[in-house]
Amino acid sequence: MRTCSRLVVFFILESLATVVYAQQNRTASDSVYTDAQAARGRSLYQQKCTKCHGDALQGRTAPALTGEAFLAVWGSQPLSELAAKIRNTMPADDQGKLKPADAADVIAYILQTGKFPAGRNELAADDAALKAIAIGGAKPQATAQTRSQMPEFPAFGNLAQVMRGILFPSSNIIFNVQLHDPGEKTATGPVNTGAFSWTAWGGEIYAGWQLVDYAAVAIAESAPLMLTPGRRCENGKPVPVDRPDWIKFTQELAEAGRAAYRASQTRNQEVVSDVTNQLSESCLHCHQVYRDKRGSRSSGLDTSALHCTP
Ligand code: HEC
Ligand code: HEC
């Protein structure tokens, strides 16, 4: 039986990979850049990227831009995603200044370093062209530890505390993008109110868009906390971690967090505004069943004794 279920998993992974590749017509093995372009990319890289990513792209304070770990993340995605990542968020200390052609040149250099063959045509800088190419060569990363070797982290807070401490502040940061452009420069006066406001003091330390990135990551990463066995709701009822609908709502939450991150990485206020629906729906779907009982809002009845029961 064991072998059988492993085979099934393998099959699913394989067919997923096929689907991903099917959308891209070409891979980096098809000679998609020129040596001259890679040389331009190299000098730009040396000026703007070396100090964090290392002089041989081996990684330093920032991740390697070559090798297996890099391919595991970027290999199966279209090059347009990698170009967008570079254009919108790099260099990390001076974001959003690279022209599309610069990003394409740097990608050419990244491909050259990764030993992908050069050819006679340059890598085009426009999104449509980059969308049709994937790097390819992605291998799923081996997991370093098996589950049984992992230390256990039993539930510590109740569910309402997790909601109020992580999901509430994080999603408000994302919802707030509908009203305020995080890229906007604001006059920073003395902050004497809200000393305990995460936005007031966090905003002083990290730049606008980064806060949105981190809030989205907090949501995606905290979703599994919904499934920690042994956690209770404020009313003492166990969180229904085994119920299929609860698990489905948790997956929706994780996917909404990932979508919010992808949106934030575009550094485009409208794109993030669009994704806020998905986020609020992921909260709402679970709350409708497990928190806000039918009619409780309008009737004003306190139904908190029923929280965490379907
Ligand atoms: C001040 C430091 C710094 C500089 C300069 C910098 N980066 Fe980065 N870069 C980072 C950090 C930190 C990360 C990881 C966090 C993230 O993904 O935003 C990163 C991530 C990346 C990633 C995603 C890597 C991965 O595996 O997810 C790419 C691609 C990248 N940088 C390209 C570049 C390029 C190209 C340049 C030069 C134009 C550059 N970076 C300059 C700090 C830097
Ligand atoms: C998988 C189900 C589930 C998801 C997803 C979920 N919640 Fe909750 N949430 C609950 C339950 C159940 C409670 C009641 C907890 C309790 O009473 O201990 C709750 C309570 C809360 C509270 C506390 C309300 C109060 O009484 O003070 C906040 C705030 C909250 N959620 C925010 C969010 C936000 C924001 C999201 C989406 C980003 C979200 N939740 C997603 C199930 C969920």
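The structure this text deals with has already been given above.
Structure report, in brief. (Residues numbered from 1 in each chain as written. Chains lettered and ligands numbered in written order. Predicted model: local features only at pLDDT ≥ 70, side-chain atom pairs only at ≥ 80, totals over all residues. Heavy atoms only, no water.)

As a further point, take the state of the cysteines. Counted by the stated rule, this structure contains 1 disulfide. In this model, C233 is linked to C308 through a disulfide, with the two sulfur atoms separated by 1.5 Å. Taken together, the residues span a long stretch of sequence, with C233 in the loop between α10 (208-222) and α11 (244-265) and C308 in the segment after α13 (296-299) at a distance of 75 residues. Side by side, C233 and C308 carry an identical accessibility label, which is buried. (Disulfide = S-S within 2.5 Å. Helix = DSSP H or I, 4+ residues; strand = E, 2+ residues; numbered from the N terminus. Buried < 20%, exposed > 50% of the residue type's maximum accessible area, 1.4 Å probe, protein only.)

What follows covers the site of ligand 2. As a matter of local geometry, ligand 2 sits amid 22 residues, with M163, E234, C283, C286 and H287 nearest to it. One nitrogen or oxygen atom from the main chain of A160 is found 3.1 Å from an oxygen atom belonging to ligand 2. When residues of the shell around ligand 2 are traced back to their parent elements, those giving at least two are α8 (159-176), α11 and α12 (269-290). Take the shell around ligand 2: its biggest share by element is 7 residues, from α8. By residue class, the composition of the shell around ligand 2 is 14 nonpolar, 5 polar and 3 charged. (Near = heavy atom within 4 Å. Polar contact = N/O pair within 3.5 Å; in protein donor to acceptor, adjacent residues only side chain to side chain. Nonpolar A, V, L, I, M, F, W, Y, C, P; charged D, E, K, R; others polar.)

Summed over all chains, the structure comprises 3 aromatic pairs. Where F249 meets Y290, the ring centres are 6.4 Å apart and the plane angle is 75°; that geometry is what we call edge-to-face. Of the two residues, F249 sits in helix α11 while Y290 sits in helix α12, which places them 41 residues apart along the sequence. For F249, a relative accessible area of 9% puts it in the buried group. Given the relative accessible area of 3%, Y290 is considered buried. Three or more aromatic residues joined by ring pairs make a cluster, and in this case those are W246, F249 and Y290. (Phe/Tyr/Trp six-rings, centres within 6.5 Å; stacked < 30°, edge-to-face > 60°.)

It is worth spelling out the coordination of the iron atom of ligand 2 at this point. Within the protein, the atoms that donate to the iron atom of ligand 2 are M163 (SD) and H287 (NE2), at distances of 2.1 to 2.3 Å. Bound by 6 donor atoms, the iron atom of ligand 2 shows angles of 83 to 179° at the metal and therefore octahedral coordination geometry. One end of the pair, M163, is in helix α8; the other, H287, is in helix α12, and 124 residues separate them in sequence. (Donors = N, O, S within 2.8 Å, 3.2 Å for Na, K, Ca; no water. Tetrahedral: all angles 85-135°; square planar, octahedral: opposite > 155°, others 65-115°.)

This part is about the coordination of the iron atom of ligand 1. The coordination sphere of the iron atom of ligand 1 contains the protein donors H53 (NE2) and M90 (SD), at a distance range of 2.0 to 2.3 Å. Each of the 6 donor atoms bound to the iron atom of ligand 1 contributes to angles spanning 87 to 179°, and the resulting shape is octahedral. Of this pair, H53 sits in helix α3 (residues 50-53) while M90 sits in the loop between α5 (79-89) and α6 (100-113), placing them 37 residues apart in sequence. The exposure class assigned to H53 is buried, which follows from its relative accessible area of 10%. With relative accessibility at 22%, the residue M90 sits in the partly exposed group.

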